[in-house]
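Results of the structural survey
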Amino acid sequence: MEIQVNRNIFQTTIYDIQTEFNLDSTLSFIKNYSFDKEDMLTTFYDCKNIFDKSEQLNDFYNHLKQYLTMYTKQILNKNDFKITRSWIQCYAEGHHHGLHAHGREIHEHSLIYYIQCSDDSTSTTFYQPGHPYCEGPEMNIPPAKNKMVLFPSYVPHEVKPNKDKSRIVLSANISIL
């Protein structure tokens, strides 16, 4: 008798891409933005799509769009995508973002883009779907300026207490069409 593996349904791939982009205009926008004061500075609660707030972010949006188009067409073999939500988060030393996932549907994907960080910035820790109810491996992705991380929205992840003075990321949710 032989056991055959017909499919592996639990494999989840997380992509990280090192890009090049001049973030001066983006950092200028962030410096002048009036953030909600929560645990960390974030635009999540007051803005559905940060790219709608300022033309100053158009070049940054176009930069992201070229990589999202490649990801959608070459990796996912789909035709198009729509950014359904985007926000900026600024972490000071000790700030963290607890365990969470951005969605649960197969067509939902998310991204993290590291705008500002240092060698002391805390990694983003990703877990297998089902965590914390199921034990399994974890993956730590260290931040690097201009690094983009793309993953299915149902993947649980967190940022443990930050170890540097200024860690800034753009996060977004994407619907694959």
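Every value quoted in this text rests on a predicted model; they were computed, and no experiment measured them.

**Concerning the overall build of the protein chain**
When helices and strands are tallied, the protein chain shows two helices and eleven strands. From first element to last, N terminus to C terminus, the protein chain shows the α and β order β-α-β-β-α-β-β-β-β-β-β-β-β. Over its C-alpha atoms the protein chain spans a radius of gyration of 17 Å, differing by no more than 12% from the 16 Å that the globule rule assigns to 177 residues. Each principal axis of the C-alpha atoms in the protein chain carries an extent, and together these give about 65 × 35 × 30 Å. Out of the 177 residues belonging to the protein chain, those deemed buried represent 41%. Pairs at least 24 residues apart make up 82% of the contacts formed inside the protein chain by residues separated by at least 6 positions. Carbon together with sulfur atoms contributes 47% to the accessible area of the protein chain, which is approximately 10400 Å² in total. The positive charge centre, built from 17 side chains, and the negative charge centre, built from 21, are 4 Å apart in the protein chain.

**A short note on the pairing of strand β4 (residues 81-91)**
In terms of burial, β4 is a largely internal element, eight of the eleven residues being buried. Relative to β4, strand β3 (residues 41-42) runs antiparallel, the two being bridged by two bridges. If you follow Leu41 over to β4, its bridge partner there is Cys90. Bridge count for β4 against strand β11 (residues 167-176) is ten bridges, and the pairing is antiparallel. Bridge assignment links Gln89 to a residue of β11, and that residue is Val169.

Quick notes on the rules
Residues numbered from 1 in each chain as written. Predicted model: local features only at pLDDT ≥ 70, side-chain atom pairs only at ≥ 80, totals over all residues. Heavy atoms only, no water. Helix = DSSP H or I, 4+ residues; strand = E, 2+ residues; numbered from the N terminus. Rg over C-alpha atoms; globule rule 2.2 N^0.38 Å. Buried < 20%, exposed > 50% of the residue type's maximum accessible area, 1.4 Å probe, protein only. Contact = heavy atoms within 4.5 Å. Areas by Shrake-Rupley, 256 points an atom, 1.4 Å probe, with all protein chains shown as cover. Lys, Arg positive; Asp, Glu negative; His and termini not counted. Charge placed at Lys NZ, Arg CZ, Asp CG, Glu CD. Pairing = 2+ DSSP bridges.

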